[in-house]
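These are the residues of each chain, in order.
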Amino acid sequence: MDQAPVTSGHTSEHALQSAVELAQLAEELGYYRMWMAEHHGGMSFASSAPEVVAAYIAAKTERIRLGSGGIMMMHYSPLKMAEVFKTLSALAPGRIDFGVGRAPGGDANAIYAMSQGQKPMMDGLYEKLGTTLQLINDEAPEERWYKNTPAAPTGVKLPEAWLLGSSGNSAIQAGRMGLGYSFAQFFNGELSVAALDAYRQHFTPSTFMEKPDISVTYLVTTAETEEEAEYLARPSDLSRLFLMKGQLRQLMSPEAAHDYPLTEIDKIQIANNRKIHLVGTPKQIATQLQEESAHYGFDEAMICSIQHTQESRLNVYRLLAKELL
């Protein structure tokens, strides 16, 4: 899972080109899918249009599945979302994932900018998703304005559809709608057996998913030794710390991060945040992911790694591939 991070000393163009390089390496190593996140109103991430990046990467790769993790559906109409992902699926049949979430993907200023200063459409999002899925499936929703307005292109291979979430309610809704469920463990660290059990218990097969499918996303930093992993992890630790203080900053270099002064409270908070940031050798990370998969019963682990240099980030995926793929 990539957010196209814009790290200190680098440009947004570099971040997006790095996403392409990551996809190509991931395909070579045997990773199954790659999603682009959606962020608005900041300078820390360049992934504001995941569907555009996915289209470009699809043309630069051959096998890996590509999609959104996820489209922030409060900002868009069902018809537009359906047409975008049907177009992608027509261009890369059998390789596209339509992942959606209810979050805004930005702060209050970004929310209102996305709605042109009007009241944001934050209610009825599950209903909006249901309408979108009907349109993707070449069905006509009951509202009269859809009766003579099909979502083009029609008759294309359906993308997989996933609902992103971090709560029991989203898990139940994903199950009822027959969607895959993707849990953002890297966001709040509140993964629970109860939530995933609720998803499976409420799952109803659909044209998008025949059986339950659960993905969990982790933030990961790994290196050949624990010491090196800890060194490389400090910038991400600080980014999370700053975010909790209401500060959104570009990722520091490891050198700058280790020179940054920390209070005792900061150190405790960083230690607490390690439930969302897995740090260690490839073997340690692989063992932890396998243990958590067995405990929670999820099907896939998605890896998000934010490193100051592209080479350090690519190396995380190389090392994990040796242990897990």
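Here the structure is a predicted model, which means the values were calculated and not measured. (Residues numbered from 1 in each chain as written. Predicted model: local features only at pLDDT ≥ 70, side-chain atom pairs only at ≥ 80, totals over all residues. Heavy atoms only, no water.)

**Q** Could you clarify how one ought to interpret the overall build of the protein chain in this entry?
**A** Looking only at helices and strands, the protein chain features 13 helices and 9 strands. Taken along the three principal axes of its C-alpha coordinates, the protein chain extends 60 × 45 × 40 Å. Expressed as a percentage of the 325 residues in the protein chain, the buried residues total 52%. Across the protein chain, the fraction of contacts at a sequence separation of at least 24, relative to all contacts at a separation of at least 6, is 74%. Roughly 15000 Å² of accessible area belongs to the protein chain as shown, and the carbon and sulfur atoms make up 53% of that amount. The average position of the 27 basic charges and that of the 38 acidic charges among the side chains of the protein chain differ by 4 Å. (Helix = DSSP H or I, 4+ residues; strand = E, 2+ residues; numbered from the N terminus. Buried < 20%, exposed > 50% of the residue type's maximum accessible area, 1.4 Å probe, protein only. Contact = heavy atoms within 4.5 Å. Areas by Shrake-Rupley, 256 points an atom, 1.4 Å probe, with all protein chains shown as cover. Lys, Arg positive; Asp, Glu negative; His and termini not counted. Charge placed at Lys NZ, Arg CZ, Asp CG, Glu CD.)

**Q** Looking at this structure, I do not really get helix α6 (residues 168–176). What am I missing?
**A** What sets the pattern is the α-helix's 3.6 residues per turn: residues three or four places apart point alike. For α6, the full list of buried residues reads Ser170, Ala171, Gln173, Ala174 and Gly175. With its phi angle positive at about 70 degrees, Gly178 sits one or two positions after the end of α6.

**Q** So what exactly am I meant to see when it comes to the UniProt feature "domain: Luciferase-like" (unreviewed entry) in the protein chain here?
**A** Within this structure's numbering, the places UniProt gives as "domain: Luciferase-like" (unreviewed entry) are residues 9–297. Span residues 9–297 is 46% helix and 13% strand, its end C-alpha atoms 41 Å apart. (UniProt positions renumbered as here; feature names shortened; annotations may be inferred.)

**Q** Is there a simple way to explain the packing of aromatic side chains in this structure?
**A** The geometry of an aromatic ring pair is captured by the separation of the ring centres together with the interplanar angle, meaning the angle of the planes. Scanning all chains against the criterion turns up 9 aromatic pairs. The ring centre of Phe242 lies 3.9 Å from the NZ or CZ of Arg249, which sits over that ring. (Phe/Tyr/Trp six-rings, centres within 6.5 Å; stacked < 30°, edge-to-face > 60°. Lys NZ or Arg CZ within 6 Å of the ring centre and 35° of its normal.)

**Q** What am I meant to see in the pairing of strand β1 (residues 33–36) here?
**A** The side chains of a regular strand alternate, first on one face of the sheet and then on the other. Of the two faces of β1, the one holding Arg33 and Trp35 and the one holding Met34 and Met36 are both buried throughout. Looking at chain direction, β1 and strand β2 (residues 65–68) are connected through 4 bridges and run parallel. Bridging across to β2, Arg33 finds its partner in Arg65. (Pairing = 2+ DSSP bridges.)

**Q** Please clarify how the pattern of salt bridges should be interpreted in this entry.
**A** Here the idea is simple: oppositely charged side chains can pair when their charged atoms come close. Per the counting criterion, the structure on display carries 14 salt bridges. Residue Arg65 is joined to Asp97 by a salt bridge in which the shortest nitrogen-to-oxygen separation is 2.8 Å. A residue pair is termed long-range when its members are at least 10 positions apart, and Arg65 in strand β2 and Asp97 in strand β4 (residues 96–101) qualify at 32 residues. In this pair, the class of Arg65 matches that of Asp97, namely buried. Here Glu190 and Lys275 are joined by a salt bridge, their closest N and O atoms 3.5 Å apart. (Salt bridge = Lys/Arg side-chain N within 4 Å of Asp/Glu carboxyl O.)

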